[in-house]
Amino acid sequence: MRLNRCWILLGLLAGVALGGLAELRADDRAAPNFVIIFCDDLGYGDLGCFGHPTIRTPHLDRMASEGQKWTEFYVAAPVCTPSRAALQTGRYPIRNGMCSMKRRVLFPDSQGGLPPGEVTLGRLLKQRGYSTHAIGKWHLGHLPQYLPTRHGYDTYYGIPYSNDMDFVQGSTRTRFEDPDFRNFNVPLIEGEKIIERPADQNTITKRACQLIRQQESGQPFLIYLAHNLPHVPLFRSPAFADASRRGLYGDVIEEIDWSVGQVLGTLRETGLDRNTLVVFTSDNGPWKSFRQQGGSAGLLRDGKGSTWEGGMREPTLFWWPGQVEPGVVMEMGSTLDLLPTLAQLADADLPTDRTLDGFDLSPTLLENKPSPRDQMVYYHGDEVFAVRQGMYKAHFKTKTSYTGQREAKVHDPPLLFHLGHDPGEQHDVAKQQPQVVQALRELKAKHEASVEPVENQLTRKE
Ligand code: MG
């Protein structure tokens, strides 16, 4: 099974590779290719290279040693939909109505989605002639007008929302303990059509790659590969059953690691590695309420759904042999920064008619210069709960993720943590640093003043 999948992936990526080589021969400074590998609910501490003691991730570890490992890389929201909207648009989701306190993500009965006027990574790169492909979980609207094919992607193959949404009638809670995809009534979409339901979620990546091979080659490409895992239910291929010392969750991470190895190996063999930037990260922290079926944020506090660091800081790698300066980057970056960074590398024009919240990270990636990002805003739904500037982070409200605490706790004065000295956010230093607290209050107010009201997409009824 593992061998078959290996060959299929190699063959599929070779198709893309040959096209890219042709482009390289035509112009050594041709626009680079981009592969963005985006996990779902992966914790900060779940990879070998981020310190996990019983999950083996040799391919990601190698990717980290050959590229850059970012230790302070953030998503813009601690749950799926708004986090994904931010990655695609380079904007805090509050700016396009993609976050809400009432419904924190989109559901199968939702009527809204990413507004059609948004400039996604796909749309940005189309202006430069890229071939663009979205594979896996989308979660930015399941209705046709919101699918990737309407947002700048030539092709789409994947599931439109989370892998646990929409149960098959009669299945029970035990469906999570011994997951069977037949219990989850999740559709598999190709283009804009449902081609399978329930989707065999074990085969999404493999079958999606078959689609890649069929694309016309000879042009630069963007592949947005959004794994539907390790979000529960935890599906893994038979070849990875009981492979990990970490149990079912570890099996899933080790299979993701294996698939990353296939992608990078193929890029190396074809020589395309010299002209392809690969990014690996996740949409939010671990889903801790699922206990052993959820991941670990390592030494960071809390997880998915929370504005503590464990909810929004993600294990992140950048890889581009010969271009990305290898090393560990202990500075801030964000998925918000991918749009301007890719625009710079591809020489694409950024939209000028809207507020963008990202920074171009290419000087850090290519020349090891300091990151241009020195602040981060932490949203819970549509409300700012915390802000960071430099090493200090202030929490104005806190709420633990998913279970237990029903109401957010208000902090006035805010809690203050020095994330260099205290990355686990254990020791409040607000009393010792009143000027820092005041500066962070002002930063929060300034950001909030920059937000203009828009229609909310997550609570829309029609
Ligand atoms: Mg998620």
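Cut-offs and rules
- Residues numbered from 1 in each chain as written.
- Predicted model: local features only at pLDDT ≥ 70, side-chain atom pairs only at ≥ 80, totals over all residues.
- Heavy atoms only, no water.
- Helix = DSSP H or I, 4+ residues; strand = E, 2+ residues; numbered from the N terminus.
- Buried < 20%, exposed > 50% of the residue type's maximum accessible area, 1.4 Å probe, protein only.
- Polar contact = N/O pair within 3.5 Å; in protein donor to acceptor, adjacent residues only side chain to side chain.
- Contact = heavy atoms within 4.5 Å.
- Pairing = 2+ DSSP bridges.
- Axes fitted to C-alpha atoms, helices over the stretch in contact; angles between N-to-C directions.
- Parallel < 35°, antiparallel > 145°, perpendicular 65-115°, else oblique.
- Nonpolar A, V, L, I, M, F, W, Y, C, P; charged D, E, K, R; others polar.
- Salt bridge = Lys/Arg side-chain N within 4 Å of Asp/Glu carboxyl O.
- Donors = N, O, S within 2.8 Å, 3.2 Å for Na, K, Ca; no water.
- Tetrahedral: all angles 85-135°; square planar, octahedral: opposite > 155°, others 65-115°.
- Core = buried A, V, L, I, M, F, W, Y, C linked by side-chain atoms within 4.5 Å.

*Asks:* Tell me about the side chain of His380, and name the residues and values.
*Replies:* Assignment of secondary structure puts His380 in strand S11 (residues 375-380). We classify His380 as buried; its relative accessible area is 4%. A polar contact of 3.5 Å, which involves the side chain of His380, links it to the side chain of Arg104. A polar side-chain atom of His380 sits 3.5 Å from the main-chain carbonyl oxygen of Gly305. Not counting residues within four places of it along the chain, the set of residues in contact with His380 comprises Met101, Arg104, Gly305, Thr307, Phe385 and Lys399.

*Asks:* If you had to explain the sheet that holds strand S8 (residues 276-282) to someone new, which residues and values would you point to?
*Replies:* An order of S6-S5-S4-S3-S7-S1-S8-S9-S2-S10 is seen for the 10 strands of this open sheet, with the pairing classed as mixed. In this open sheet, the two edge strands, each paired with only one partner strand, are strand S6 (193-196) and strand S10 (327-334). Direction aside, neighbouring strands of the sheet carry axes that sit 20 degrees apart on average. In the sheet, strand S2 (residues 68-74) pairs with S10 via 6 bridges, with the strands oriented parallel. Bridge assignment links Lys69 to a residue of S10, and that residue is Val328. Its contacts with the sheet put helix H2 (residues 58-66) on S2, S8 and strand S9 (313-319), and the angle it makes with S9 is roughly 65 degrees.

*Asks:* Could you give me a rundown of the sheet that holds strand S14 (residues 409-418), with the residues and numbers involved?
*Replies:* Read across the sheet, 4 strands follow the order S11-S12-S13-S14 without closing on themselves; strand pairing throughout is antiparallel. Every interior strand has two partners, whereas the edge strands, S11 and S14, have only one. Direction aside, the axes of adjacent strands within the sheet are offset by 20 degrees on average. Note that strand S13 (residues 392-398) and S14 share 6 bridges and pair antiparallel.

*Asks:* Please set out the packing of H2 against helix H6 (residues 248-270) residue by residue, giving values where relevant.
*Replies:* Interaxial distance between H2 and H6 falls to 7 Å at its minimum, and their mutual angle equals 50 degrees. Put simply, H2 runs oblique to H6. In contact with Pro58, His59, Leu60, Arg62, Met63 and Glu66 of H2, H6 contributes Asp257, Trp258, Val260, Gly261, Leu264 and Arg268. Taken together, the residues of the contact of H2 with H6 sort by class into 6 nonpolar, 2 polar and 4 charged.

*Asks:* Got a sec to walk through the pattern of salt bridges? Specific residues and values, please.
*Replies:* Summed over the entire model, instances satisfying the criterion amount to 25 salt bridges. Here Asp154 ties to Lys126 by a salt bridge, and the two come within 2.8 Å at their closest N and O atoms. Within this pair, whereas Asp154 is found in the loop between strand S3 (131-136) and strand S4 (155-158), its partner Lys126 is found in helix H4 (residues 121-126), the two being separated by 28 residues in sequence. Accessibility expressed as a relative area gives 36% for Asp154, which makes it partly exposed. Note that Asp412 is salt-bridged to Arg441, the shortest N-O span being 3.0 Å. One end of the pair, Asp412, is in strand S14; the other, Arg441, is in helix H10 (residues 434-449), and 29 residues separate them in sequence. Through salt bridges that share partners, Asp40, Arg84, Lys137 and Asp283 make up one connected network.

*Asks:* So what's going on with helix H8 (residues 338-346)? Residues and values would help.
*Replies:* Across the 9 residues of H8, 8 count as buried, placing the element largely inside the fold. Three or more residues of H8 are buried, namely Leu338, Leu339, Pro340, Thr341, Leu342, Ala343, Leu345 and Ala346. Within two residues after H8, Asp347 carries a phi angle of roughly 55 degrees, on the positive side.

*Asks:* So what's going on with the coordination of the magnesium ion? Residues and values would help.
*Replies:* Binding of the magnesium ion to the protein goes through Asp40 (OD), Asp41 (OD), Cys80 (SG), Asp283 (OD), Asp283 (OD) and Asn284 (OD1), at separations of 2.1 to 2.8 Å. Every donor counted, the 6 donor atoms about the magnesium ion form angles of 51 to 158 degrees at the centre, which fits irregular coordination. Read in sequence order, the donor residues for the magnesium ion give the motif D-D-x38-C-x202-D-N. On the criterion of sequence distance, the pair formed by Asp40 in the loop between strand S1 (33-39) and H2 and Asp283 in the loop between S8 and helix H7 (309-312) is long-range, its members being 243 residues apart. Taken as a pair, Asp40 and Asp283 share a single burial class, namely buried.

*Asks:* Which residues make up the nonpolar core, and what values go with them?
*Replies:* Note on soluble globular proteins: their nonpolar side chains tend to be buried together. One finds Leu47, Met63, Val278 and Phe280 to be the most contacted residues of the largest nonpolar core, which totals 49 residues. Of the residues forming this core, the biggest block, 8 residues, is contributed by H6. Excluding its chain neighbours within four sequence positions, the residues that come into contact with Met63 are Val260, Leu264, Val278, Val279, Phe280, Leu317 and Trp319. Judged by nonpolar contacts, the second largest core, of 42 residues, contains Ala134, Leu338, Leu342 and Ala346.

Coordinates in, geometry out; function isn't part of it.
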